[in-house]
Amino acid sequence: MATAVGTVGHTHEESTVWKWLTTVDHKKIGVLYLVTGFAFFLIGGIEAVLIRTQLAVPNGTVLDAGLYNQLFTMHALTMIFLAIMPMGAAFFNYFIPLHIGARDVAFPRLNALSYWVLLSGGLILTSSFLFGEAPDGGWFAYAPLTDETFSPNKGLDFYTVGLVVAGLASLMSSLNFAVTIINMRAPGMTMMRLPVYMWMTFVVAFLLILSLPVITVALLQLYFDRNFGTHFFTPGTGGDPILWQHLFWVFGHPEVYVLILPSMGIVSEVLPVMSRKPLFGYTAIVMAGAAIGVLGFGVWSHHMYTTGLGTVPQYVFSASTMAIGVPTGVKVFNWLGTMYGGNIRMTTATYYSIGFIALFTIGGISGVMHASPPVDGQHQDSYFIVAHIHYVLFGGAIMGIFSGLFYWFPKMTGRLLDETWGKIGFWFLFVGMNLTFFPMHFLGLAGMPRRIYTYDADLGWDTWNFVATIGVYILVVGILLFMLNVFMTLRKPATAGDDPWGGATLEWATSSPPPEHNFDVVPVVRDRDPLWYNRDHNIPMPERPAHLHIHMPPPSYFPLVLGIGILLIGVGALSSLAITALGVVVAYYAVWGWALEPTE
Amino acid sequence: MGRSGPGRIIAIVFSGAVVGVLSYLLYLAFADSANTPQSTWMPMSDNTDNIHAVYQVVFYLAAAVFILILFLTLLFTLMFREREGAVAQQFHGNSKLEVLLVGVPVLIVVAMMVPSFKAIAQNTADPPKGALEVVAIGHQWWFEFQYPEFGITTANELHVPAGRAVSVTLKSNDVIHSFWVPQLVGKVDMVPGHTNHLWFTPDTARDEAYLAQCAEFCGASHANMRFRVFVDTEAKFSDWTKATAADAAKPASELAKAGEQQFTASGCIGCHTVKGNPLAQGKAGPNLTHIGSRTTIASGILPNSAEPMHKWLANPPAVKPGSKMPNLALTEEQIQKLTAYLESLK
């Protein structure tokens, strides 16, 4: 295929490392995101194992209070911003152009920059452990606990700077994805022929474009409060800690949908293909996803029922929150409708998708429960909420991601992951996940607050805490089995073929892994399930032309340099102005080179 | 289409049995957890009765949805899993059914919303006239309770009479805390710079305290910020207010007298008030006027007796990480004196 990518200036051989550092290919960037996201998933997992080990027995002595508070804060930040979001972005990167029949995303260099900036944000946040000063105010960082009076060390500065940088990456990639989906669809792919996964991606992009500016402003205000003596969130001087909560949750609630919608999209791709029948109620699922996106901006204060909101806001926000249960319910019905009447191939990807339906439903139902403010008066900040979010984020988001991994691994590598070991791994994850998180419902009912590093023995919390800790070790085995499966599979020859599942969407119409230019001939789309339509109407694949004249963007190291510049600006914000100044110079050099770089 | 005849019956029976047994086991576990000391499923006041009325509706509706979806997921998996020669039905949906099915979650949500609105109205209404006024102030990491009517300031143990509404004004001295007594009142936050309110009327008096703890993450010792509520009979409460409003008892034993001097010498007076001791006027720490009468010390994490008191005085941050009370490096003798004095403050 090398000849197909006939661009000037990079015909000489480059080292593998250099290729990855300078790539602007959405598929390579997708792989970078995936590997990075999974690495952070492991770090977040280690944090979780430590937390659960401390809580295995009453009055645990494995961790002290300070370290425990750092770990639960970093566990949430790592999993949300550095594991689930990047793994979601990995699939977005890899599959948006393949799903819509494009050669790359709209802005390939911006795409590379997004990755390097995300990595910078992750490194800034995680490096806080090296200084023994990881953020310890919870991922929600409620003022005024997080101001310089109550949190004098650097932890919360790592938090603000790390998240602003990581947020910048998400903002850039969301704009990139939205523009790509709007402008670069193959001929015939109308919006209502877009795969559901693309629709969910599209909704997620807008959720991030609209919500990230809010948190960025809030984070900068917090940074100013801590470093420049402003008082946006400090009481007594005209500031208001409740303002922080509004700003945080105006971002924080849409963020939940940012985490779950991609997995809903994956399941909506996997289930029809494995059931060998079209998705049940495409329009309803698309509209439900969009409705969730819109409603998601009108529910933030349900995180704040206990702050003294007053009567009317409680009515309003409980009504809007419960309303989200409706489109969510519609989606569950439609997935079940997709299975109904099918001839379901029970692959590991199917297992994870069906697991997603069952587990996500549990998280969805408990979410509607504490949408009721009186019930929330008992649930808020108790283990019931911990159970809820983990059913949504592990039972939902992570199960969906694993389904996607098993489904798309052959496309990305040309190799099918081992199904037997995949299913054994699934059962470890499924059983471990339920043993870890279901007992937390019981603990919540028994009045155990969350974010406590210790508890007494005589409160009836011992048994279920111990069971939850056992569960997390079973989860660890499941994750290790998955990693082993990946390593073993990568050593085997690539025999998966282009289309091992009989897929309906365009990515299965090209080779596995796809060439850099994705499609030799840009496909024409005649139906929502284009490949099935072609199959049923005996429309052959277009002939590969003898000569490909496809122009692909050349690699560029300027995204990496700009990423380093932004990293230095971030590091400077935590240390000294001199490093920030250096970062600005590096960034300016990169912008200069970027602007003048020939793309022809 | 899928399995028919015996195959389908087996799938239905198996799915029903699995989901049935699972639901029953979960029910047993929930019921067991409902019967624990800090249970949220044991209403003992009008406030928690109002909550419980909604909670039950919401809980059982949620359980019904859980059972239905789990059953259908398992059933469809079994009925439609791949088999030789089967052909998947090709259909894109069913508009009538889809619109009808939108109605199902709408009905469920409305059924949850109506009782929720009722309970919101009840629990955020103004307290009844003649309610007992209490001011609760959150500190890192202990609770201060003031009774303006009686001129009482105490800490970590709230006494209230049964059958009379208690109106609590919530404040914070530093960061956000949350006031929550699972069996008496749903939580409301204590926010610095804001004043929040809640009220509840405890049902009946009992000797055993209601357990409670801070429910908003508030820093290093959030886990160690606990308190207790004693619901007394009218007479017992009246006795308690008289005793607690009075000045501290004068130390009787020699050791306790020496402890009183040590209390000044070690600087304890800078942070703690002991009513009747003109030197001890500090406000930063809990009021210790009647510390000897409380059942617990260190915001409810240690029982109140000589040995735990000794442990606490020897190194407070070791007991309660981050404690604002520093390790004063007291000698063994000083600790014994102080312990004798504090235990004498009945």
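This is a predicted model, so every value here is computed, not measured.

The rules behind each value
Residues numbered from 1 in each chain as written. Chains lettered and ligands numbered in written order. Predicted model: local features only at pLDDT ≥ 70, side-chain atom pairs only at ≥ 80, totals over all residues. Heavy atoms only, no water. Helix = DSSP H or I, 4+ residues; strand = E, 2+ residues; numbered from the N terminus. Contact = heavy atoms within 4.5 Å. Areas by Shrake-Rupley, 256 points an atom, 1.4 Å probe, with all protein chains shown as cover. Lys, Arg positive; Asp, Glu negative; His and termini not counted. Charge placed at Lys NZ, Arg CZ, Asp CG, Glu CD. Domains from an automatic or database assignment. Buried area = accessible area lost by both parts, 1.4 Å probe. Salt bridge = Lys/Arg side-chain N within 4 Å of Asp/Glu carboxyl O. Polar contact = N/O pair within 3.5 Å; in protein donor to acceptor, adjacent residues only side chain to side chain. Pairing = 2+ DSSP bridges. Buried < 20%, exposed > 50% of the residue type's maximum accessible area, 1.4 Å probe, protein only. Patch = residues over 30% accessible without salt bridge, like charges linked within 9 Å, V, L, I, M, F, W, Y side chains within 5 Å.

Brief notes about the overall build of chain B
Right, on to step 1. Secondary structure assignment for chain B yields eight helices and 12 strands.
Right, on to step 2. Each principal axis of the C-alpha distribution contributes one length, and for chain B these read about 95 × 45 × 35 Å.
Right, on to step 3. Taking contacts inside chain B between residues at least 6 apart in sequence as the whole, the part at least 24 apart equals 65%.
Right, on to step 4. Total accessible area on chain B is roughly 14700 Å²; 62% of this is exposed by carbon and sulfur atoms.
Right, on to step 5. Across chain B, the centroid of the 25 positively charged side chains sits 4 Å from that of the 27 negatively charged ones.

Structural notes on the domain arrangement of chain A
Residues and elements named next belong to chain A.
Right, on to step 1. Entries for chain A in the domain assignment read domain 1 (15-540 + 550-556) and domain 2 (557-600).
Right, on to step 2. Placing the centre of domain 1 and that of domain 2 at their C-alpha centroids yields a distance of 29 Å.
Right, on to step 3. Listed as interface residues are 22 residues of domain 1 and, on the opposing side, 17 residues of domain 2.
Right, on to step 4. Between domain 1 and domain 2 the total buried area reaches about 1700 Å² when both faces are included, carbon and sulfur atoms providing 72% of it.
Right, on to step 5. Of all residues in domain 1, the largest losses of buried area upon contact with domain 2 belong to Arg109, Leu113 and Ser556, amounting jointly to 33% of the total for that side.
Right, on to step 6. Taken together, domain 1 and domain 2 are joined by one salt bridge.
Right, on to step 7. A salt bridge links glutamate 597 to arginine 109, with the nearest nitrogen and oxygen atoms 2.7 Å apart.

A closer look at the interface of chain B and chain A
Right, on to step 1. The partner chain A presents 92 residues to the 85 residues of chain B that form the contact.
Right, on to step 2. Taken together, both faces of the contact between chain B and chain A bury some 7400 Å²; the carbon and sulfur share is 70%.
Right, on to step 3. Connecting chain B to chain A are two salt bridges.
Right, on to step 4. Across the pair arginine 226 of chain B and aspartate 456 of chain A runs a salt bridge whose closest N-O atoms are separated by 2.8 Å.
Right, on to step 5. Scanning the region where chain B abuts chain A turns up 23 residue pairs in polar contact (both at pLDDT 80 or more).

Quick look at the pairing of strand S3 (residues 152-155) of chain B
Residues and elements named next belong to chain B.
Right, on to step 1. Bridge count between strand S2 (residues 142-147) and S3: four bridges; the pairing is antiparallel. For glutamate 144, the partnering residue across the bridge sits in S3 and is alanine 155.
Right, on to step 2. Between the end of S2 and the start of S3, which pair antiparallel, lie four residues, with glycine 151 showing a positive phi angle near 65°.

Observations regarding the pattern of salt bridges
Right, on to step 1. With the rule as written, the count across this model stands at 11 salt bridges over all chains.
Right, on to step 2. The salt bridge partner of glutamate 82 of chain B is arginine 276 of chain A, with a shortest N-O separation of 2.6 Å. Separated into two different chains, glutamate 82 of chain B in the loop between helix H2 (46-80) and helix H3 (95-123) and arginine 276 of chain A in the loop between helix H7 (241-275) and helix H8 (282-295) make up a pair that spans both.
Right, on to step 3. The exposure class assigned to arginine 276 of chain A is partly exposed, which follows from its relative accessible area of 27%.

Details of a nonpolar patch on the surface
All names here are of chain A.
Right, on to step 1. A grouping of Val57, Trp427, Val431, Leu435, Phe466 and Ile470 is seen on the molecular surface, where their side chains present a nonpolar patch of about 510 Å² in accessible area.
Right, on to step 2. Among the elements of the structure, helix H13 (419-445) and helix H14 (462-490) are those that each provide at least two residues to the nonpolar patch.
Right, on to step 3. Top element by residues in the nonpolar patch is H13. It accounts for three residues.

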